[in-house]
Amino acid sequence: MENTWIYRGQEPIKIKKFLQTLGMGHRMFNDIKNGAGEFQVDHRIVRPTTKILPNQPLTIKVAPEFPNPDVKSSNGTLDIVFEDANWLVISKPAGLASIPGPTTGDDTLLNRVTGYLIRNDSPDQRPHLITRLDRYTSGLLLVAKHQVAVSMISQQIQQHKMIKEYQAIVQGILTNDHDMIDAPIARVEGRAQREISADGQNARTEYWVEACGQNWTLARVRLHTGRTHQIRVHFSHLGHPLLGDHLYGGDASRFDHQLLCASHIAFDDPFTLRHLDFKIELPATFKQAMN
């Protein structure tokens, strides 16, 4: 893996500080410093303590990542919304698990991306899922193609600067057109469910009503935290579970999974310094529910 940036500052700056301004974490920097890669300024290998001058190029090189032997490759199809040397943005269908587990087999999204990278002779063949979705939630996921990308995006994740929005159809008519659901979420001992509990982790979900029917509401939902089943638990807590969500009390008579789609993702690309913004259309099940 090789990436280059041009330093546009006015004063000399140390390599570490410059990379930190771009988002690189301490661990990745130390790994490169300790032999996992190299730093180059003006195409010359330099020490990590070197200062970069204005308009000088900084290049980092890191050894390629080989496939994870515990993740089998799959030839399953991928709906790729965006791809470059560092990222994949993929639209996942409902029913496809994000990562392998006891009940998923070897055809998850991670298996498919691994197979895709291998077939295309990618320099790095161990993908990293930056965002994940429940098996029966459809929509956009961000995948990092290499470990440097993971490090560079982690700050945006930790500071909740990445925009992640969903579309959800809930039962009934929501009272407020816009609201923030602020209720802590905890595990339910021995079960797959989560629940609202004073002892749980902080969880905040913002929503805007986009359309209403006789007994349903289409809401645009933005996560401000990332708890397991957060949207499903929060709307069930309001008394408006998602259509099809049998785990949290939703009507499953017409749909065999919750009507929840990750329809919008946006972030600042630390490699190109561009703002990347992606949206997809609602799945066919949503249109069926609203007719």
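Please refer to the structure higher up on the page.
Below or above, wherever it landed, is the structure these notes cover. (Residues numbered from 1 in each chain as written. Predicted model: local features only at pLDDT ≥ 70, side-chain atom pairs only at ≥ 80, totals over all residues. Heavy atoms only, no water.)

Quick look at the overall build of the protein
A tally of helices and strands in the protein yields 6 helices and 18 strands. Counting only C-alpha atoms, the protein reaches 65 × 40 × 35 Å along its principal axes. Buried positions account for 48% of the 291 residues belonging to the protein. A separation of at least 24 residues holds for 64% of the contacts in the protein among residues at least 6 apart in sequence. Of the roughly 14600 Å² that the protein leaves accessible, carbon and sulfur atoms contribute 46%. Charge separation in the protein, taken as the distance between the mean sites of 32 positive and 31 negative side-chain charges, equals 6 Å. (Helix = DSSP H or I, 4+ residues; strand = E, 2+ residues; numbered from the N terminus. Buried < 20%, exposed > 50% of the residue type's maximum accessible area, 1.4 Å probe, protein only. Contact = heavy atoms within 4.5 Å. Areas by Shrake-Rupley, 256 points an atom, 1.4 Å probe, with all protein chains shown as cover. Lys, Arg positive; Asp, Glu negative; His and termini not counted. Charge placed at Lys NZ, Arg CZ, Asp CG, Glu CD.)

So, the nonpolar core
Counting 36 residues, the largest nonpolar core has Ile-15, Leu-19, Met-24, Ile-60, Trp-87 and Val-148 as its most contacted members. Ranked by size, the runner-up nonpolar core spans 27 residues in total, among them Leu-117, Ala-168, Tyr-207 and Val-221. (Core = buried A, V, L, I, M, F, W, Y, C linked by side-chain atoms within 4.5 Å.)

A look at the sheet that holds strand E3 (residues 37-41)
Pairing is antiparallel across the open sheet formed by 4 strands, whose spatial order is E1-E6-E3-E4. Here the strands that pair on one side only, and so sit at the sheet edges, are strand E1 (2-6) and strand E4 (44-46). Averaged over all neighbouring strand pairs, the angle between strand axes comes to 30°, with direction disregarded. Note that E1 and strand E6 (residues 57-62) share 5 bridges and pair antiparallel. (Pairing = 2+ DSSP bridges. Axes fitted to C-alpha atoms, helices over the stretch in contact; angles between N-to-C directions.)

Digging into the environment of Pro-123
Counting through the fold element by element, Pro-123 comes out in the loop between helix H3 (109-119) and strand E9 (128-129). For Pro-123, a relative accessible area of 62% translates into the label exposed. Counting along the chain gives 83 residues from Pro-123 to Glu-206, while the straight-line C-alpha distance between them is 39 Å.

A closer look at the pairing of E6
The element E6 is extensively covered by neighbouring structure, given that 5 of its 6 residues are classed as buried. Relative to E6, E3 runs antiparallel, the two sharing 5 bridges. By the bridge assignment for E6, Gln-40 is matched with Thr-59.

Things to note about unusual backbone geometry
Not every positive phi belongs to a glycine, and Asp-42 is a case in point at roughly 55°. Positionally, Asp-42 belongs in the loop between E3 and E4. On the basis of relative accessible area, Asp-42 is assigned to the partly exposed category, the value being 35%. The backbone phi angle of Leu-273 is positive, close to 65°, even though this residue is not glycine.

Here we look at helix H5 (residues 230-237)
Since the α-helix packs 3.6 residues into each turn, any two residues three or four apart lie on the same face. In terms of residue burial, H5 counts as a mostly covered element, since 6 of its 8 residues are buried. Within H5 the residues assigned to the buried category are Gln-230, Ile-231, Arg-232, Val-233, His-234 and Phe-235. Where H5 ends, the next residue or the one after it, Gly-239, has phi of about 90°, a positive value.

Details of the side chain of Arg-232
Positionally, Arg-232 belongs in helix H5. For Arg-232, a relative accessible area of 7% translates into the label buried. Those residues in contact with Arg-232 that lie beyond four places of it in its chain are Asp-134, Leu-242, Asp-245, Leu-247, Tyr-248, Gln-258 and Leu-260.

Quick word on the packing of aromatic side chains
By the definition in use, this model includes 7 aromatic pairs. It is Arg-220 that lies over the ring of Trp-208; its NZ or CZ is 4.2 Å from the centre. (Phe/Tyr/Trp six-rings, centres within 6.5 Å; stacked < 30°, edge-to-face > 60°. Lys NZ or Arg CZ within 6 Å of the ring centre and 35° of its normal.)

Digging into the environment of Val-170
Along the polypeptide, Val-170 turns up in strand E11 (residues 163-171). Its relative accessible area of 0% is what places Val-170 among the buried residues. Along the sequence, Val-170 and Leu-242 sit 72 residues apart, while their C-alpha atoms lie 4.1 Å from each other. Look past the residues within four positions of Val-170 in its chain and what remains in contact with it is Asn-215, Trp-216, Thr-217, Phe-235, His-240, Pro-241, Leu-242 and Leu-243.

A short note on the pattern of salt bridges
On inspection of all chains with the given rule, the structure shows 10 salt bridges. A salt bridge links Lys-145 to Glu-83; its shortest N-O distance comes to 2.7 Å. With Lys-145 in the loop between strand E10 (138-144) and helix H4 (147-158) and Glu-83 in strand E7 (residues 79-83), this pair connects stretches of sequence that are 62 residues apart. Where Glu-165 meets Arg-222, a salt bridge forms, and the shortest distance between an N and an O atom there is 2.6 Å. Within this pair, whereas Glu-165 is found in strand E11, its partner Arg-222 is found in strand E16 (residues 216-223), the two being separated by 57 residues in sequence. (Salt bridge = Lys/Arg side-chain N within 4 Å of Asp/Glu carboxyl O.)

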